[in-house]
Amino acid sequence: MVAKTRKKQEHTHPVFSRYNLRIHGGNMLFMLPALIIYIAVVLIPFFQGIPYSLTNWKSIISDKMIFVGLKNYTTLLTNKYFLDTFLNTFKFTAIYLLGANILGLFLAMILWRSSRFNNIVRTVMFMPFTVSLVGAAIVWSYVYTDIISSLFEVMSPLGCSSQVIGGMAVIAIWRDMGYCMLIYIAGLQSIPTEYYEAARVDGASSFQRIKHITLPLLIPAFTSNITLLLAWGLKVFDYPMAVARNMEAAKTTTMYVYDNIFGFSKAGLGQAAAIITTVVLLILTTAVSRMFRKLEVEA
Amino acid sequence: MKKLWALMLVGVMMTGILTGCSSDKTDEISTKTETETTTDAKSETKAETTTEPIAEDTDKEAVIQVFHYMTQETKRTGLEAVEAKFQEKYPNVTFENLFYNQGTDYFPQLSTALASGEQPEVIMGNPGLYPDLITEGYAMDLSDNEIVNSLNLSSGDLGDVSSDGKIFGFPIDFKTWGVFYNVKMFDELGLKVPTTQTELMEVCKKLEEAGRDPWIHAFADAVFGDIEMRNTVWTRALQNGDNDIFEQLMSGDKKVTDYTYIKEGLEVWQERMQWARDDAMSNNQDKSLELFVAGQGAMLYTGSWSVGDLVAKIGDGDFEFNFFVAPIDDSNSQKLNVQVDQAFMVNPHSEYSDMALKFMEFWITDGALIWSENTQLPLCTGVSSDNLLPLIKTIAEIKGSGTISHYGDFTKPFSSEFTTAWRQSLTSFAESCVSGGGMTPDECLVNMQALFDDIIATSY
Amino acid sequence: MKNDSFNLNNSEMKELILKISKIVVVIIIMLVVLIPFYISFNYSIKDHTEITNNRLALPENPTIQNFITVISENEQFLIGYKNSILNTIPTVLLLMVITSMASYVLARYSAKFYQLMYLVFIAGILIPFQCIMLPLYLNIYNTGLISTNLGFIIARTGLQISISILVVTGFVKSVPRDMEEAASIDGCNRFQAFWKIVFPLMKPVNATQLVLNTLFVWNDYNTAVVLLRSPESRTLPLAQIIYFNENTSELNLAFAFFGMAMIPILILYLSMQKHVVSGIMAGAVKG
């Protein structure tokens, strides 16, 4: 996500010169308001949670807890049901990520030039993104039962273990593909048209033009979309909570966390599951964005 | 201007962090024990004051916070009606009703509130289902409460609001479940209400031959699989004296296969599911009622709680329904299942717990009928009036006769984690039956036991 | 029209067919995307019996009664509307100020320290809310800000900072730096230079984050349900609970509510549409 960093002049002065102190001090002041609120609201609560993951803390209304070391972590990492929730989450994320990006890219390629028609279509495509996650899930549960089921004589995917993940992914794709589309449109508009003209003069087919010009130059947009959707996908919570609360096949990792902390009196275990989830997310997104940054440099 | 404002916010936040950090766990514990002792002292003095004439504190000011999960409008109207009636007697009492969805937010929100030291006066829920509230002392021991003891409630009603032999809640009304059927459709085809499993199967076959769907199901709500099993499991367990079945399963001392009637229940249910429609898994309660009223199916296995919605859906329409307890075998051994529905605990740590106690005592006695007439829910005390639907009165009469299987007669109810596991495996079984997946009852039991074993293994 | 197309040569013909097929595909996708909106709107203008009898067809007697019922009978609706507005506007403005300042620094300086700070900020996207829900609640409670607008604004701002910084930092990299340098020569200090020169240049991306943040904050359920407890402090998404719960039976009211809750953000989006596209574009591509 961090762009190629340009060489800048700020290091022409000695590190501890008055100039540097003034600059970096000033910089700190610029970042301070955001940093303080961010630390207070996100980081401190996150670190406050870690000690609890090392205990057998049962209920959050109880003070009783015994230090159990890493037992919660070893239990979870060898637990079939917890690992299953990861599998469900990964499945969801894969379908959602691919679906939203492919559709978003496809739409962007058709709609990237500004025209009245294209602007209207773009607006319509972005509209689902204004709907809340829970709202989207509930409306779609009716789309499935009232429209899809009655038109095609099939069961609603939300009532079927083998399809429920796909059914939820469709909702998420519907909601977020407009966002992906906008990012890709932005990317496409930034590609200088001369590149295409040159390629055309050289006799490149449209497929070759896409492969050798469009896709490489879209890599920053890919990075941005894939990282963000990866994080959203792996944190998915509202969809299964709203429309597939009782299906084992739809249980995601964050639901496992939520149930254990708040519903099942296993707050310590749930907190450990939350931390494992965060670490997995961190590793995956870092890996993905590294990969794309490498591609970016090569391109 | 904006900058100034941002800086102010930052300042507030900084103090927030500081105070937030300084109150570490030991502080919290000590303040907690302090409040405990003071409230204990308070409740002792209260015990004395309650013996004095009521007139003395009718003008006392109090704010009663009621934490509940009654999202249905009729229930909230009922609650407000009871509160209004109570306020006629105690004009200086005001109410603050907080409600959340039970399945998603209720207990998490309640426990975060309690964890931070907020103290609602009245907490909705069956004490057995929320054992942490009991162990942490958030429910007043009502074992010696004169009003509760004077009502001659059945052992089951009291059992449903008890934990370790002590009463912790006020049982207001109860629920039951069974088969709601389309009376006209039955009459048209000359069908009689079945009393045995064979008769029920005959009815289903005749309906099918007449081109009707015998059943509407709503398995998207997991409780609907659960209630189809309870008729067999509760009745058989209580017959066999297995009052500790849930306790034994939760401790791991017994396996689900040790109780043969769990499998029997699955088989009886499986027979009924032969006629399941394609939408059985995706219908929720609302959709199922709608389909039922539209005449899409002759029978609907649902709970007494949906009677109100059912009546609302019918409106001025020309639809008649009635109810029978689903047979579980051919020797007519089915019994009406009964479980306390709305139950409320009084939080002894709360500021106005004395007034809250009075409010609950009022609700279960003088206020009960107002509640029942508003909500069409049958009262545990057996009191009823002509303003109740005939069906509700009939259910109350059956309960009064005592031929029932009451959840409260079990030593312990399933914890929420076991309930979730139980329902998840039932939902998978239902799905397999509906879609022809071929899962056998034995396989269902293997899954269920594996889930149970996992719960036990992760409890330490 | 027909005559013209006969006169076209082969490659022009191909192009035309391609163009038409593209439009057809786009219109089909657009219709699919609109189905859920059709359902919600359709339900919200039907009365109860019409939904039960015929769910999909357009109503014979469209009614606005559902909207009136929601406004007049759901006492949480107007309070929720008021609170949602009172919470969303400050949160979004606060975010705009603080994240544009922070992003400016994060985009302009590439030393290891700033890269690290950027990663720290972005890491917030990865933390599941359920993981910090309880400690956050306890901290806000200890400051006495539970059920207050201020408490919600601070919390929601903190939770939104990561995405905002992700969007804005990328954009700032595209703002030419010579302009601030010129300003500093003119005797402006850096704060003045930022507010006078850089901040106005960030208009497109600020429009974008304004819309995105409004969407997130306006629709927020998870934070609101934890932090806003008292009935008079609750926001709009919390008032939905009456209609979207385990026992929903008032679909028409539910969808009427749903529609009315969406109106302000749809208006905001439509009025900012042009800026949003250009803002996201700049942010994403350079990011």
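Reading guide: rules and limits
In this convention, every chain numbers its residues from 1, walking through the sequence in written order. For this description, chains carry letters from A and ligands carry numbers from 1, given in the order in which they are written. At least 70 in pLDDT is required for a residue's local features to be given in this predicted model, at least 80 for side-chain atom pairs to be given and counted, and no such filter applies to totals for whole chains, interfaces and linings, which use all residues. Strands here are runs of E lasting at least two residues and helices are runs of H or I lasting at least four, both read from the DSSP assignment and numbered beginning at the N terminus. Each residue after the first adds 1.5 Å to the expected span of a helix. At every residue, the bend is computed as the angle between two fitted axes, covering the seven residues ending there and the seven beginning there respectively. Exposed residues have 12 or fewer other C-beta atoms within 10 Å of their own C-beta, buried residues have 20 or more, and residues in between are partly exposed; the C-beta atoms are placed from the backbone. Residue pairs qualify as contacts under a 7 Å threshold applied to their C-beta atoms, which are placed from the backbone. Asp, Glu, Lys and Arg are counted as charged, while Ala, Val, Leu, Ile, Met, Phe, Trp, Tyr, Cys and Pro are counted as nonpolar; the rest, among them Gly, fall into the polar class. Scored between 0 and 100, pLDDT is the confidence that the predictor attaches to each residue. Residue ranges for the domains originate in an automatic or database domain assignment. A pair of strands is treated as paired once DSSP finds two or more bridges between them. Axis definition: a line fit to C-alpha positions, over the contact stretch in the case of helices; interaxial angles, taken between N-to-C directions, run 0 to 180 degrees. Helix crossings fall into two classes, left-handed where the near helix is turned counterclockwise from the far one by less than a right angle and right-handed where it is turned clockwise. Crossover handedness is defined here as right-handed if the route from the first strand over the helix to the second strand goes clockwise, with the strands pointing away from the viewer.

Engineer: Got a sec to walk through helix H6 (residues 164-189) of chain A? Specific residues and values, please.
Structural biologist: Residue and element names in this part refer to chain A. Across its 26 residues, H6 extends 37 Å between first and last C-alpha, which sits within 8% of the 38 Å expected from 1.5 Å per residue. The largest bend in H6 amounts to roughly 40° and is located at Asp 176. With 24 of 26 residues buried, H6 is to be regarded as a mostly interior element.

Engineer: So what about the interface of chain B and chain A? Which residues, and what values?
Structural biologist: Taken residue by residue, the interface counts 36 residues in chain B and 34 residues in chain A. Mapped onto the side of chain B that touches chain A, the elements with two or more residues apiece are helix H1 (2-22), helix H2 (25-51), helix H4 (102-115) and helix H18 (416-435) of chain B. In terms of residue class, the side of chain B that touches chain A is made up of 14 nonpolar, 12 polar and 10 charged.

Engineer: Can you explain the confidence of the model for chain B? Please cite residues and give values.
Structural biologist: Mean pLDDT over chain B stands at 86; residues scoring 70 or higher make up 88%. Between residues 1-54 of chain B, whose pLDDT stays under 50, and residues either more than four places distant or in other chains, the model counts 35 contacts.

Engineer: Help me get a handle on the environment of Ile132(C), residues and values and all.
Structural biologist: Residue position: Ile132(C) is located in helix H7 (residues 129-142). Judged by the 26 C-beta atoms lying within 10 Å of it, Ile132(C) is buried. Contact partners of Ile132(C), with chain neighbours within four places excluded, come to Val42(A), Pro45(A), Phe46(A), Gly49(A) and Ile127(C).

Engineer: A description of the domain arrangement of chain C should follow, citing residues and the corresponding values.
Structural biologist: If you check the domain split of chain C, you get domain 1 (2-44) and domain 2 (67-286). Facing the four residues of domain 1 of chain C at the interface are six residues of domain 2 of chain C.

Engineer: Which residues make up the interface of chain A and chain C, and what are the values?
Structural biologist: Counting from both sides, the interface comprises 67 residues of chain A and, opposite them, 68 residues of chain C. Those elements that place two or more of their residues in the side of chain A that touches chain C are helix H1 (18-52), helix H4 (116-126), helix H5 (133-152), H6, helix H9 (219-234), helix H11 (253-263) and helix H12 (267-298) of chain A. In terms of residue count, the dominant contributor to the side of chain A that touches chain C is H1(A) (15 residues). Its residues placed into classes, the side of chain A that touches chain C shows 45 nonpolar, 17 polar and five charged.

Engineer: I'd like a rundown of unusual backbone geometry, residues and numbers included.
Structural biologist: All names here are of chain B. Positive phi outside glycine occurs at Asn 152, with the angle close to 55°. A count of 8 C-beta atoms within 10 Å places Asn 152 in the exposed class. Phi is positive for Asn 332, close to 60°, though the residue is something other than glycine. For Asn 332, a count of 11 C-beta atoms within 10 Å puts it in the exposed group.

Engineer: Please set out the sheet that holds strand S1 (residues 62-68) of chain B residue by residue, giving values where relevant.
Structural biologist: Residues and elements named next belong to chain B. Read from one edge to the other, the open sheet built from five strands follows the order S2-S1-S3-S13-S6, with strand pairing classed as mixed. Lying at the two open borders of the sheet, with one neighbouring strand each, are strand S2 (93-99) and strand S6 (170-171). One ladder, built from seven bridges, connects S1 with S2; its direction is parallel. Bridge pairing links His 68 to Phe 99 in S2.

Engineer: Help me get a handle on the sheet that holds strand S10 (residues 299-303) of chain B, residues and values and all.
Structural biologist: Residue and element names in this part refer to chain B. With mixed pairing, four strands are arranged side by side in an open sheet as S9-S10-S8-S11. Whereas interior strands pair on both sides, the edge strands pair on one side only; in this sheet they are strand S9 (215-216) and strand S11 (321-324). Bridging between strand S8 (residues 177-182) and S10 involves five bridges; their strand directions are antiparallel. Bridging from a neighbouring strand, Tyr 181 pairs with Met 299 of S10.

Engineer: Mind laying out the domain arrangement of chain B, listing which residues take part and the relevant values?
Structural biologist: Residue and element names in this part refer to chain B. When the domains of chain B are assigned, the result is domain 1 (31-173 + 341-383) and domain 2 (177-338 + 409-459). For domain 1 versus domain 2, the distance between C-alpha centres works out to 32 Å. With 10 residues of domain 1 at the contact, the number on the domain 2 side is nine residues. Residues that form the side of domain 1 that touches domain 2 fall into these classes: two nonpolar, seven polar and one charged.

Engineer: Kindly report on the packing of helix H12 (residues 260-273) of chain B against H18(B), identifying the contributing residues and their values.
Structural biologist: Residues and elements named next belong to chain B. Running from amino to carboxyl end, H12 crosses H18 at an angle of 35°, the nearest separation of the two axes being 10 Å. Like other packed secondary-structure pairs, H12 and H18 cross with a definite hand, here right-handed. Seen from H12, the contacting residues are Leu 266, Gln 270 and Met 273; seen from H18, they are Phe 429, Ala 430, Cys 433 and Val 434. Across the contact of H12 with H18, the residue classes tally to six nonpolar, one polar and no charged.

Engineer: Quick rundown of the pairing of S1(B)? Include the residues and the values.
Structural biologist: Residues and elements named next belong to chain B. Burial of S1 is extensive: five of the seven residues sit out of reach of the surface. Handedness of the crossover is the feature at issue here: the chain leaves S1, passes through helix H3 (residues 73-89), returns alongside S2, and the resulting connection is right-handed. Relative to strand S3 (residues 122-124), S1 is paired through two bridges, and the arrangement is parallel. Bridge pairing links Phe 67 to Ile 123 in S3.

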